[in-house]
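Commentary on secondary and tertiary structure
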Amino acid sequence: MEVNANFTENAKNDFHLVVKAREGNQKAYADLMHRYKDSIYFMVLKMVNNKEDAMDLTVETFAKAFEKLEKYQPEYAFSTWLFRVATNNCIDFIRKKKLNTQSIHGMLDEDGDEKPLQIKADVLNPEETSIKKQQTEELKLLIESLPIRYRNLITLRYFDELSYEEIAQQLDLPLGTVKAQLFRARFLLGNIINRHNKDDI
């Protein structure tokens, strides 16, 4: 893979980090994320207009980009490619959200009367319940391998279902610190899950 001669110095630096990341260098991954996490976050925030969704989508963007790093071709700068991954991820998210938010208004039958709203029962059958329980147990084991401060944050947020504000209050931490550490915790957990899944193949 040759570096594009027309690249700026920044783009050339990114290219060298991508090469190292492909070779399994964890610091190169961290450096790329550190460079672009803020700009990706603010771009995503403009698209979805919700801070928590934007935070989750930013983490997803890096997870997807790092997973597909082998597909990156240096005819474009890494930043251009990364922003395209982020944009596509947001478009998918918005599309799914629209599908899930079905309008109740204007739901009339052929006679012009209102149709009763059909809501699908969200009940798992015994086999699905068993699989879900097993997956939850596996996830808890993977979370155990995180540093303790990240482990606590993930548990409070996703198992105890506390808001960012409630976590900040409980741990006596500034709200910004909670968000930043949760961001890092999810990124680390994502890497662990990806490695775990590859080991299972």
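Starting from 1, residues in each chain are numbered consecutively following that chain's sequence as written. The predicted nature of this model means local features are confined to residues of pLDDT at least 70 and side-chain atom pairs, given and counted, to a pLDDT of 80 or more, with totals for whole chains, interfaces and linings taken over all residues. For the side-chain quantities, the full set of heavy atoms in the structure was used; hydrogens and water were omitted.

As a reminder of what qualifies: UniProt positions are given in the numbering used here, feature names are shortened, and annotations may be inferred rather than shown by experiment.
Naming follows an unreviewed UniProt entry, where the chain appears as Sigma-70 family RNA polymerase sigma factor of Mucilaginibacter pankratovii. In the Sequence similarities (unreviewed entry) part of its UniProt record, the chain is described as follows: "Belongs to the sigma-70 factor family. ECF subfamily."

1. A word on the overall build of the chain
How we decide: Strands here are runs of E lasting at least two residues and helices are runs of H or I lasting at least four, both read from the DSSP assignment and numbered beginning at the N terminus. The cut-offs for exposure are 20% and 50% of the maximum accessible area for each residue type, with area from a 1.4 Å probe on protein chains only; residues under the lower value are buried, those over the upper are exposed, and the others partly exposed. Residue contacts follow a heavy-atom distance rule, with two residues in contact if any of their heavy atoms lie within 4.5 Å. Note that accessible areas follow from Shrake-Rupley with a 1.4 Å probe, and for residues the cover is restricted to the protein chains shown.
Looking only at helices and strands, the chain features 8 helices and 0 strands. The secondary structure elements of the chain, listed N-terminal to C-terminal, are α-α-α-α-α-α-α-α. Residue burial in the chain is summarised as follows: out of 201 residues, 31% are buried. Relative to all contacts within the chain whose residues are 6 or more apart in sequence, the contacts with residues 24 or more apart total 56%. In the structure as shown, the chain presents an accessible area of about 13800 Å², 51% of it carried by carbon and sulfur atoms.

2. Examining the layout of surface pockets
The rolling of a water-molecule-sized probe over the atoms marks out the regions of remaining empty space. Let me state the cut-off plainly: Think of a 1 Å grid over just the protein atoms. A cavity is a set of points where a 1.4 Å probe fits yet cannot get out, a pocket is an open set with protein on both sides within 12 Å along at least five of seven lines, and lining residues have an atom within 4 Å of a point. Grid points are joined across faces, edges and corners, and a volume is the space filled by probe spheres set on the points. The classification used treats Ala, Val, Leu, Ile, Met, Phe, Trp, Tyr, Cys and Pro as nonpolar, Asp, Glu, Lys and Arg as charged, and all other residues, Gly among them, as polar.
Taken as a whole, the second largest pocket encloses approximately 310 Å³ of empty space. Taken together, 14 residues line the second largest pocket, and the ones lying closest to its centre are Met33, Lys37, Asp38, Ala180 and Phe183. When residues of the lining of the second largest pocket are assigned to their parent elements, the largest contribution, 7 residues, is made by helix α2 (residues 26-48). For the lining of the second largest pocket, the per-class residue count stands at 7 nonpolar, 3 polar and 4 charged.

3. Side note on the packing of α2 against helix α3 (residues 51-67)
For the record, the criterion: In this description, a line fitted to the C-alpha atoms serves as the axis of each element, helices being fitted only across the stretch in contact, and the angle between N-to-C directions of two axes falls anywhere from 0 to 180 degrees. Note on angle classes: values under 35 degrees are labelled roughly parallel, values over 145 roughly antiparallel, values of 65 to 115 roughly perpendicular, and the remainder oblique. By convention the crossing between two helices is left-handed if the near helix lies anticlockwise of the far one by an angle smaller than a right angle, and right-handed if it lies clockwise.
Two elements in contact, α2 and α3, have axes whose closest approach is 8 Å; the angle formed by their N-to-C orientations is 135°. Viewed along their axes, α2 and α3 adopt a mutual orientation that is oblique. Considering the relative orientation of α2 and α3, their crossing is right-handed. Seen from α2, the contacting residues are Tyr29, Leu32, Met33, Tyr36, Lys37, Ile40, Tyr41, Val44, Leu45 and Val48; seen from α3, they are Lys51, Asp53, Ala54, Met55, Leu57, Thr58, Thr61, Phe62 and Phe66. In terms of residue class, the contact of α2 with α3 is built from 14 nonpolar, 2 polar and 3 charged.

4. Thoughts on the pattern of salt bridges
To keep it simple, the criterion reads: Criterion for a salt bridge: a side-chain nitrogen of Lys or Arg within 4 Å of a carboxyl oxygen of Asp or Glu.
Tallying each qualifying case throughout the model produces 5 salt bridges. Lysine 27 is the salt-bridge partner of aspartate 31, the closest N and O atoms lying 3.0 Å from each other. Of this pair, aspartate 31 and lysine 27 both sit in helix α2, 4 residues apart, which is roughly one turn of the helix. Residue class for lysine 27 comes out exposed when judged on its relative accessible area of 55%.

5. Comments concerning the nonpolar core
Test applied: Within this scheme, the nonpolar core is defined by two criteria: the residues are buried Ala, Val, Leu, Ile, Met, Phe, Trp, Tyr or Cys, and they are joined through side-chain atoms within 4.5 Å.
The biggest cluster of nonpolar side chains holds 49 residues, and the ones touching the most others in it are Val44 and Phe78. Contributions of two or more residues to this core are made by α1 (9-22), α2, α3, α4 (78-100), α5 (126-144), α6 (148-159), α7 (164-171) and α8 (175-200). For this core, the leading source of residues is α2, giving 11 residues. Dropping the residues within four chain positions of it, valine 44 is found in contact with Asn49, Ala54, Leu57, Thr58, Ala86 and Cys90.

6. Some points on the packing of aromatic side chains
Threshold: Aromatic pairs are defined between Phe, Tyr and Trp rings, using the six-membered ring for Trp, whenever the two ring centres lie within 6.5 Å; interplanar angles under 30 degrees are classed as stacked, those over 60 as edge-to-face, and all others as tilted. A ring has a charge above it when a Lys NZ or an Arg CZ is no more than 6 Å from the ring centre and no more than 35 degrees off the ring normal.
Following the criterion strictly, the structure yields 7 aromatic pairs and no others. Ring centres of tyrosine 41 and phenylalanine 42 lie 5.2 Å apart, and the angle between their planes is 70°; on these two criteria the pair is classed as edge-to-face. Ring plane angle 40° and centroid distance 5.9 Å describe the contact between phenylalanine 78 and tryptophan 81, whose orientation is recorded as tilted. With phenylalanine 78 and tryptophan 81 both in helix α4 and 3 residues apart, the pair spans about one turn of that helix. Aromatic ring contacts, followed pair by pair, group Tyr36, Tyr72, Phe78 and Trp81 into a single cluster. Positioned over the ring face of tyrosine 76 is arginine 84, at 5.1 Å from the centre of the ring. The cationic tip of arginine 157 hangs over the ring face of tyrosine 164; the distance from NZ or CZ to the ring centre is 4.4 Å.

7. A closer look at the side chain of threonine 58
This is how the line gets drawn: The definition of a polar contact used here is a pair of N or O atoms within 3.5 Å, where within protein one atom must be able to donate a hydrogen and the other to accept one, and adjacent residues in sequence count solely through side-chain atom pairs.
With respect to the element layout, threonine 58 can be found in helix α3. Threonine 58 gets classed as buried once you look at its relative accessible area, which sits at 0%. Only 2.7 Å separates the side chain of threonine 58 from the backbone oxygen of alanine 54, close enough to count as a polar contact. Each residue touching threonine 58, except ones within four places of it in the same chain, is listed here: Lys37, Ile40, Tyr41, Val44 and Phe183.

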